[in-house]
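Here are the chains, one letter per residue:
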Amino acid sequence: MTVCAIEMTTTAAFTIAADGSYAARLAGEGESLYVERWTLAGPEAYAVPLPLAQPEEADSEVLPLADGRVLIHRRVADRHAFALLYPTGAEAGPSTGELQLGAVDVREGVRLRLLPPSPDGSAAFALATEDTVTTVWQVAGAPFGPQPVARIPGRCSGGVWLDRAGRLLALDRELEGTTKAVAVDLGPGDVSPLLQITEDSDDRLLLADPDSGLLLIRSDAPGESRLGWGVSGSSLPVRFPECLARLGAAHPFAVQPGQALMPETCGVALRLPEGGIGLWRPADRRVFRVGAPAGWLGGTGLWSPQGRLHLPYATPEVSCGIVGLNLPIAPPPPVVLDPPAPTAPRPVPLQQAPLAGR
């Protein structure tokens, strides 16, 4: 299942493991915060609290692993400490186990945050951003504690996985006043261009589906910042549909997996500026707008391969819940009489693709 994790800024933030098996968040109120793990791989979701003797700070980040443990990132003075939390049984009742993984020391002014869950489910990575260089750290799954795995010239943001092995990572790199998405191979640490729609445009990658190759992009190449889509490795141009332009600052947060070689059939879920949800397929010329469930957590969700969108929520009445939505079927496009003869487009690599509307 393909998901997108939202950067943690509030206690409502919610992160789902790449395989959809577990999720985690900071729960509680005020200064009484604790980690809560959700189990999603079953007939009904349920939550397990993972409190420790000392409450967690509001700026801590959490990330679930596929084995059920939860990585927590804490800021301790000038150090960034990482640990794994997990439920344990004890004579006095359930308790929380903690395995310290080590810490990363960074200079003042360096921002370090967790990247979205790795597709392999066993490793976790963080991004340390400076003005002129960015470092990718492996903070879980490494044999000897946190270690740097790639250094990228420039100031990087974002973070989208491009494969199922957790080796290819896309980052939005700001260099010489322009932001372009680049691909980072975390094996050798190599960096290569990924998006370059025009020479001067800011081209960011928001979401990717490794199965179909579908890419969700935001670029100002059309003259203003707009959502667009393309296909990895395709000779076809990036497209900027008018139906997406009308959504303003909408952000895609989940894409339907399992649609190999069929990117136009993938369901895409978007968080709308007004708080609702947009459902869209690249093959459609319209966006279906639906209301978000009460207590929707962190603007996250996940698609099943069958096209059902699952949205997590928590309310005073329901502490752990999932709402399911089906992607509506769009009506067929109107018939156009005597259409003009089609012209064959010139094959162009994605990173050199001209603009196209749809």
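Bear in mind the structure is a predicted one, so any value in this text is a computation, not a measurement.

(A) Summary view of the overall build of the protein chain. Helices and strands together make up the secondary structure of the protein chain, namely one helix and 29 strands. In the protein chain, once contacts between residues fewer than 6 apart in sequence are set aside, the share between residues at least 24 apart is 43%.

(B) Broad picture of the environment of Val238. On the secondary structure map, Val238 appears in strand β21 (residues 238-239). Its relative accessible area of 0% is what places Val238 among the buried residues. Linking Val238 and Ile217, residues 21 residues apart in sequence, is a C-alpha distance of 8.6 Å.

(C) Highlighting the packing of aromatic side chains. Under the criterion given, the structure shown has three aromatic pairs. Ring centres of Phe14 and Trp38 lie 4.9 Å apart, and the angle between their planes is 75°; on these two criteria the pair is classed as edge-to-face. Taken together, the residues Phe14 in strand β2 (residues 14-16) and Trp38 in strand β4 (residues 32-39) connect sequence positions 24 residues apart. Relative accessible area serves as the criterion here: at 0%, Trp38 is assigned to the buried category.

(D) Inspection of the pairing of strand β7 (residues 70-76) at higher detail. Within β7, five of the seven residues are buried, which leaves it mostly tucked inside the rest of the structure. Pairing of β7 with strand β8 (residues 79-88), which is carried by seven bridges, proceeds in the antiparallel orientation. When the bridges of β8 are listed, Arg75 appears paired with His80. Hairpin connection from β7 to β8: two residues lie between these consecutive antiparallel strands, with Ala77 at a positive phi of about 55°.

(E) Spatial organisation of the pairing of strand β3 (residues 22-29). Within β3, six of the eight residues are buried, which leaves it mostly tucked inside the rest of the structure. Of the strand pairs in this sheet, β2 and β3 are connected by three bridges, and their pairing is antiparallel. Within β3, the residue paired with Phe14 across the bridge is Arg25. Between the end of β2 and the start of β3, which pair antiparallel, lie five residues, with Gly20 showing a positive phi angle near 75°. In the sheet, β3 pairs with β4 via eight bridges, with the strands oriented antiparallel. Counterpart to Glu29 in the pairing with β4 is Ser32.

(F) Layout of the environment of Ala294. Tracing the backbone shows Ala294 in the loop between β25 (288-290) and β26 (302-303). Since its relative accessible area comes to 57%, Ala294 is described here as exposed. In the structure, Ala294 is positioned 18 residues away from Pro312 in sequence and 9.9 Å away in space, judged by C-alpha atoms. With sequence-adjacent residues up to four places away left out, Ala294 is seen in contact with Tyr313 and Thr315.

(G) Up close: the sheet that holds strand β5 (residues 46-50). Here we have four strands laid out as an open sheet, ordered β2-β3-β4-β5, and antiparallel in their pairing. In the strand order of this sheet, the two ends are held by β2 and β5, each with one partner. This sheet shows a mean twist of 25° between the axes of neighbouring strands, independent of strand direction.

(H) Highlighting the sheet that holds strand β10 (residues 111-114). The strand order across the open sheet formed by four strands is β10-β11-β12-β13, and the pairing between neighbours is antiparallel. Edge positions in the open sheet fall to β10 and β13 (147-153), since each of these has one partner strand only. Sheet twist, expressed as the average angle between the axes of neighbouring strands with direction ignored, equals 20°. In terms of strand pairing, β10 meets strand β11 (residues 124-129) through four bridges, oriented antiparallel. The residue of β11 that forms the bridge with Leu114 is Ala126.

(I) Representation of unusual backbone geometry. Here the phi dihedral of Glu176 falls at roughly 55°; this positive angle occurs in a residue that is not glycine. Positionally, Glu176 belongs in the loop between β15 (168-175) and β16 (178-185). Relative accessible area serves as the criterion here: at 79%, Glu176 is assigned to the exposed category.

(J) Main features of the pattern of salt bridges. The full count for this structure, using the stated rule, is 15 salt bridges. A salt bridge links Asp131 to Arg155; the shortest N-O distance between them is 3.1 Å. Linking Asp131 in the loop between β11 and β12 (133-140) with Arg155 in strand β14 (residues 155-161), this pair joins segments that are 24 residues apart in sequence. Here Asp211 makes a salt bridge to Arg164, at a shortest N to O gap of 2.9 Å. Of this pair, Asp211 sits in the loop between β18 (203-208) and β19 (214-219) while Arg164 sits in the loop between β14 and β15; the two residues are 47 residues apart in sequence, bridging distant segments of the chain. Residue Asp211 is classed as partly exposed on the basis of its relative accessible area, which comes to 29%. Put simply, Glu56, Arg74 and Glu98 are held in one network by salt bridges that share partners.

(K) Here's a closer look at the nonpolar core. In this structure, Leu214, Leu216, Leu244, Leu247, Val268, Leu270 and Trp280 are the most contacted members of the largest nonpolar core, which totals 18 residues. Among the secondary structure elements, those contributing two or more residues to this core are β18, β19, β20 (226-231), α1 (242-245) and β23 (268-271). Among all residues touching Leu270, those that are not within four sequence positions of it are Leu227, Leu247, Ala250, His251, Pro252, Phe253, Gly276, Ile277, Gly278 and Trp280. Of all hydrophobic cores here, the second largest spans 16 residues; its members include Leu63, Leu84, Ala124 and Ala128.

Rules behind the numbers
- Residues numbered from 1 in each chain as written.
- Predicted model: local features only at pLDDT ≥ 70, side-chain atom pairs only at ≥ 80, totals over all residues.
- Heavy atoms only, no water.
- Helix = DSSP H or I, 4+ residues; strand = E, 2+ residues; numbered from the N terminus.
- Contact = heavy atoms within 4.5 Å.
- Buried < 20%, exposed > 50% of the residue type's maximum accessible area, 1.4 Å probe, protein only.
- Phe/Tyr/Trp six-rings, centres within 6.5 Å; stacked < 30°, edge-to-face > 60°.
- Pairing = 2+ DSSP bridges.
- Axes fitted to C-alpha atoms, helices over the stretch in contact; angles between N-to-C directions.
- Salt bridge = Lys/Arg side-chain N within 4 Å of Asp/Glu carboxyl O.
- Core = buried A, V, L, I, M, F, W, Y, C linked by side-chain atoms within 4.5 Å.

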